[in-house]
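Take a look at the letters that make up each chain.
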Amino acid sequence: AVRLALGWAGWKTYVGRPQVDEWRCKAMGLLGTALRQSSLPEEALPVFEASLAVRQRYWSHIENSSILGAQSNLALSAQSNLASCLSDLGRVDEALVLERALYARRMELLGASRTCA
């Protein structure tokens, strides 16, 4: 209950900021995680979908650059969260498609030695 309350509090704090704001994006991800971990995957799913869409829209250019900074894994982590949520909902075929795409992207970005970390 506390995790969920904190997730909502963080979201309410940053929701008024522009979509490109890093803290707003993190708050959305934390809310989705809090919902999922509170056994509310149905409510978490649209949050994770929105989080992935925002991260792909505003930060995909970072992932496509040769410089991998702290934000380079934003869309990858959002995609992973979405895959886990889909799996929780029993939508394992959709989750598997996302997980395979994640694996391929991580291999491309990090190489075989860092994909299992």
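Here is a short report on the structure shown in this document. Computed from a predicted model, the values in this text were never measured in an experiment.

1. Comments concerning the overall build of the chain
- Tallying secondary structure elements over the chain gives five helices and zero strands in all.
- Buried residues in the chain amount to 35% of all 117 residues.
- Nonlocal contacts in the chain, meaning residues at least 24 apart in sequence, comprise 47% of its contacts between residues at least 6 apart.
- In the structure as shown, the chain presents an accessible area of about 6,900 Å², 56% of it carried by carbon and sulfur atoms.

2. What about the nonpolar core?
- The biggest cluster of nonpolar side chains holds 24 residues, and the ones touching the most others in it are Leu 35, Leu 82 and Leu 86.
- Those elements that provide at least two residues to this core are helix 1 (2–14), helix 2 (22–37), helix 3 (41–63), helix 4 (74–88) and helix 5 (92–110).

3. Examining the pattern of salt bridges
- On inspection of all chains with the given rule, the structure shows five salt bridges.
- Of the charged contacts in the structure, one is a salt bridge between Arg 17 and Asp 21, with a shortest N-O distance of 3.5 Å.
- Assessed through its relative accessible area of 36%, Arg 17 is described here as partly exposed.
- When its relative accessible area of 18% is taken as the criterion, Asp 21 is described as buried.
- With a closest N to O distance of 2.7 Å, Arg 91 and Glu 94 form a salt bridge.
- Under the relative-accessibility criterion, Arg 91 is labelled partly exposed at 32%.

4. A word on the packing of aromatic side chains
- Scanning all chains against the criterion turns up one aromatic pair.
- Where Tyr 14 meets Trp 23, the ring centres are 6.4 Å apart and the plane angle is 25°; that geometry is what we call stacked.
- According to the relative accessible area criterion, Trp 23 is partly exposed, its value standing at 44%.
- Residue placement shows Lys 26 over the ring face of Trp 23; its charged tip is 4.7 Å from the ring centre.

5. Some details on the packing of helix 4 against helix 5
- Packing of helix 4 against helix 5 brings their axes to within 8 Å, and their N-to-C directions diverge by 155°. Judged on the interaxial angle alone, helix 5 and helix 4 are roughly antiparallel. Helix 4 and helix 5 meet at a crossing whose hand is left-handed. Here Leu 76, Gln 79, Ser 80, Leu 82, Ala 83, Leu 86 and Ser 87 of helix 4 lie close against helix 5, whose contacting residues are Val 92, Glu 94, Ala 95, Leu 98, Glu 99, Ala 101, Leu 102, Arg 105, Arg 106 and Leu 109.
- Considering only residue class, the contact of helix 4 with helix 5 consists of ten nonpolar, three polar and four charged.

What counts, and at which threshold
- Residues numbered from 1 in each chain as written.
- Predicted model: local features only at pLDDT ≥ 70, side-chain atom pairs only at ≥ 80, totals over all residues.
- Heavy atoms only, no water.
- Helix = DSSP H or I, 4+ residues; strand = E, 2+ residues; numbered from the N terminus.
- Buried < 20%, exposed > 50% of the residue type's maximum accessible area, 1.4 Å probe, protein only.
- Contact = heavy atoms within 4.5 Å.
- Areas by Shrake-Rupley, 256 points an atom, 1.4 Å probe, with all protein chains shown as cover.
- Core = buried A, V, L, I, M, F, W, Y, C linked by side-chain atoms within 4.5 Å.
- Salt bridge = Lys/Arg side-chain N within 4 Å of Asp/Glu carboxyl O.
- Phe/Tyr/Trp six-rings, centres within 6.5 Å; stacked < 30°, edge-to-face > 60°.
- Lys NZ or Arg CZ within 6 Å of the ring centre and 35° of its normal.
- Axes fitted to C-alpha atoms, helices over the stretch in contact; angles between N-to-C directions.
- Parallel < 35°, antiparallel > 145°, perpendicular 65-115°, else oblique.
- Left-handed = near helix turned anticlockwise from the far one by under 90°.
- Nonpolar A, V, L, I, M, F, W, Y, C, P; charged D, E, K, R; others polar.

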